[in-house]
Amino acid sequence: MEIKAIRGFNDILPDEIGKWQFVEETVREVFEGFGFDEIRIPILEKTELFIRGIGEATDIVEKEMYTFTDKGGSSLTLRPEATASMARAYLEHKLFTFDPVAKLYCIGPMFRYERPQKGRYRQFYQIDAEVFGVANPVVDAEVILMLIHFLRQVGLEKLELQINSLGCRECRPRYREELRAFLSKKSFQLCEDCQRRLQANPLRIFDCKVQSCQETIVDAPKVSDFICKECDHHFNRVKEHLSMAGLEYVLNPKMVRGLDYYTRTAFEVVSYDLGAQNAVTGGGRYDNLFQEIGGRDIPGIGFAIGMERLISLLPKNKGLKRPLDLFIAVQGKDGKQDAFRIAHQLHLERIRAEFDYEEKSLKSQMRRADKLNARYVLILGEEELKKGRAILRNMANQSQEEIPLQELVQILGRKILRD
RNA sequence: GUGAGUGUAGCUCAGUCGGAUAGAGCACUGGGUUGUGGCCCCAGUGGUCGAGGGUUCGAGUCCCUUCACUCACCCCA
């Protein structure tokens, strides 16, 4: 039986890798321009980190983690997200002693055991950015501005930024209880799922697609009526700064985040071209996370972009496969040695050159050059070789010229640079 | 975890009411006078019909089981 990749784990093949490289390059340019530094963190962590960081009652921790016991008996987990690890690294290496403010980003695979569907895989890549050590709402706006700028840089246009405030550990529980009390009285109107949500996380009922549930919550209490003065002030300043920068947003009071650590500012960017999994990116503030994982009280804010979702939205002209610069076609057996020698010489000059390893007819070599989208073909003919010359053919306009082999590198370098 | 749909060549798909050696297009390989790509023409390679079992004289086709993929629920990036 042929061995296949495991469910929800995908290969990224050469013809799509250009898009990935393009996105990664843009991340580095944009994020570093905003003062962020890259950090690389392990793929495995102690299970405890995620249980405490993400929250015991969340779906991720309850049923989606790849957890196993290693040979030493420790419970380890493939990271389902990056924020907890980044916070751990910041605490562990006491990065705050150099500067309390840390702006960090990270790109890599995450793992969640979910049923795969469009835009949702068991191994998926995230681009993560976090700011640790700043409680000021100005940084919330700055992070969101960087995110939107980045999305525009990669070529996404039709996007909607949604923001909300989730309140803090003082006011959110109060609101949650109020909402639960309100809905309990009408629980008979709620669907089966929402009956369950009523106990687990009543805020989620806002997301329900069942008509009767939507009708029931129309006049339910809103977060905005319950958030405390400090949270309200914080949120207003975030909105002010976004407006100041000319950024449009949609207030979505129904937006809830699935990880326990989020507080206050929450945001999402959705695209209606994505199907059911329509969030390209999501994030928010998490002022309780550090304490949950046993550190000092440090505020944080950040976001995660889903790479696969982002890439599926990329315009067609981004990250195209790099064409072959030159194909070396040979005629006769003697030419093969020369092809090998010339190709190596060009490789050292970073010119993408290819030749045929088998002895094929010239016609077949030309066909291959065409298929590989070669811009030029160098034809090593027996007669020209005797004079130390070869034919250089431009595949696009079919013109060809005889050139001295010694000048090949310079001639090619000039031509390739020109277009 | 739940539901629906789909599994036939590398890809996209035909295949009638169950009938004999399983098809097409694209792709791939070679060729279409001795040294030149794309178009066209010719030929060739390639399939345990997802897997296992059953019904039948006979199964790609019908039944059961199972696996995989896709989409949706759920959840999230």
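Residues numbered from 1 in each chain as written. Chains lettered and ligands numbered in written order. Predicted model: local features only at pLDDT ≥ 70, side-chain atom pairs only at ≥ 80, totals over all residues. Heavy atoms only, no water.

Assigned secondary structure in chain A consists of 16 helices and 16 strands. The C-alpha radius of gyration computed for chain A amounts to 28 Å, which surpasses the reference 22 Å derived for 419 residues by more than 25%, pointing to a less compact arrangement than a globule. Its C-alpha atoms give chain A principal-axis dimensions of roughly 95 × 55 × 50 Å. Taking all 419 residues of chain A together, 50% fall into the buried category. Excluding contacts between residues fewer than 6 apart, the proportion of contacts in chain A whose partners are at least 24 apart in sequence is 69%. Total accessible area computed for chain A in this model is approximately 22,500 Å², and 48% of it derives from carbon and sulfur atoms. Within chain A, the 63 negative side-chain charges are centred at a point lying 2 Å from the centre of the 63 positive side-chain charges. (Helix = DSSP H or I, 4+ residues; strand = E, 2+ residues; numbered from the N terminus. Rg over C-alpha atoms; globule rule 2.2 N^0.38 Å. Buried < 20%, exposed > 50% of the residue type's maximum accessible area, 1.4 Å probe, protein only. Contact = heavy atoms within 4.5 Å. Areas by Shrake-Rupley, 256 points an atom, 1.4 Å probe, with all protein chains shown as cover. Lys, Arg positive; Asp, Glu negative; His and termini not counted. Charge placed at Lys NZ, Arg CZ, Asp CG, Glu CD.)

Across the sheet, 8 strands lie side by side as S1-S5-S6-S11-S10-S9-S7-S8; this open sheet has mixed pairing. Two strands in the sheet have a free side with no partner beyond their single neighbour: strand S1 (37-38) and strand S8 (250-251). Taken together, the 6 bridges between strand S7 (residues 160-165) and strand S9 (residues 263-270) define a ladder with antiparallel strand orientation. What sits directly across from Glu160, in S9, is Val270. The strands touched by helix H5 (residues 137-153) are strand S5 (102-111), strand S6 (123-132), S7, S9, strand S10 (279-285) and strand S11 (300-306); relative to S11, the strand with the most contacts, the crossing angle is about 15°. (Pairing = 2+ DSSP bridges. Axes fitted to C-alpha atoms, helices over the stretch in contact; angles between N-to-C directions.)

Once that is clear, we can look at the sheet that holds strand S15 (residues 389-394). Sheets are built from strands paired through backbone hydrogen bonds, the pairs being either parallel or antiparallel. One open sheet holds the 5 strands; their spatial order is S13-S12-S14-S15-S16, and the pairing between them is mixed. The strands lining the two open edges of the sheet, one partner per strand, are strand S13 (353-355) and strand S16 (400-404). Neighbour-to-neighbour, the strand axes of this sheet turn through a mean angle of 25°, independent of strand direction. Both strand S12 (residues 326-330) and S13 contribute to a ladder of 3 bridges, which runs parallel. In the strand pairing of S13, Ile328 is matched with Phe355.

What follows concerns helix H1 (residues 14-33). Between the first and last C-alpha of H1 there are 29 Å, a value that for 20 residues agrees with the 28 Å anticipated at 1.5 Å per step. Buried within H1 are the following residues: Gly18, Trp20, Phe22, Val23, Thr26, Val27, Val30 and Phe31. The inward-facing, buried residues of H1 contact S5, S6, H5, S11 and helix H12 (307-313). Positive phi shows up at Gly35, right after H1, with a value of about 90°. (Expected span 1.5 Å × (residues − 1).)

This brings us to the domain arrangement of chain A. For chain A, the assigned domains read domain 1 (14-170 + 228-313) and domain 2 (326-412). Averaged C-alpha coordinates put domain 1 and domain 2 at centres separated by 50 Å. (Domains from an automatic or database assignment.)

This paragraph deals with the environment of Gly284. Locating Gly284 in the fold gives a position in strand S10. When the C-alpha positions of Gly284 and Gly295 are compared, they lie 20 Å apart, and in sequence the two are 11 residues distant. Those residues in contact with Gly284 that sit more than four places away from it in its chain are Tyr262, Thr265, Ala266, Phe267, Gly300, Ile301 and Gly302.

For the pair H5 and helix H10 (residues 229-244), interaxial distance at closest approach is 8 Å and the crossing angle is 45°. In terms of orientation, H5 lies oblique with respect to H10. At the point where H5 passes H10, the crossing takes the right-handed sense. Side by side, H5 and H10 meet where Pro137, Val138, Asp140, Ala141, Ile144 and Leu145 of the first sit next to His234, Arg237, Val238, His241 and Leu242 of the second. (Parallel < 35°, antiparallel > 145°, perpendicular 65-115°, else oblique. Left-handed = near helix turned anticlockwise from the far one by under 90°.)

Next up on the list: the state of the cysteines. Applying the stated rule across the entire model yields 0 disulfides. Cysteine Cys228 is unpaired, with the sulfur of Cys231 as its nearest cysteine sulfur at 3.4 Å. (Disulfide = S-S within 2.5 Å.)

Formed by 41 residues in total, the largest nonpolar core has its most connected members in Val23, Phe31, Ile127, Phe150, Phe267, Phe303 and Leu310. Of all the secondary-structure elements, those providing two or more residues to this core are H1, S6, H5, S7, H10, S9, S11 and H12. In terms of residue count, the dominant contributor to this core is H5 (9 residues). If you look at the next biggest cluster of nonpolar residues, it comprises 33 residues, including Val61, Ala87, Phe132 and Met255. (Core = buried A, V, L, I, M, F, W, Y, C linked by side-chain atoms within 4.5 Å.)

Our focus in this paragraph is the pattern of salt bridges. Applying the stated criterion to the full structure yields 20 salt bridges. A salt bridge links Asp59 to Lys63; its shortest N-O distance comes to 3.7 Å. Taken together, the residues Asp59 and Lys63, both in helix H3 (residues 59-64) and 4 residues apart, mark about one turn of the helix. Asp325 is the partner of Arg375 in a salt bridge, and the nearest nitrogen-oxygen pair spans 3.4 Å. Of the two residues, Arg375 sits in the loop between helix H14 (362-371) and strand S14 (376-380) while Asp325 sits in the loop between H12 and S12, which places them 50 residues apart along the sequence. Residue Asp325 is classed as buried on the basis of its relative accessible area, which comes to 3%. Each of Arg28, Glu38 and Arg40 takes part in a single network of salt bridges with overlapping partners. (Salt bridge = Lys/Arg side-chain N within 4 Å of Asp/Glu carboxyl O.)

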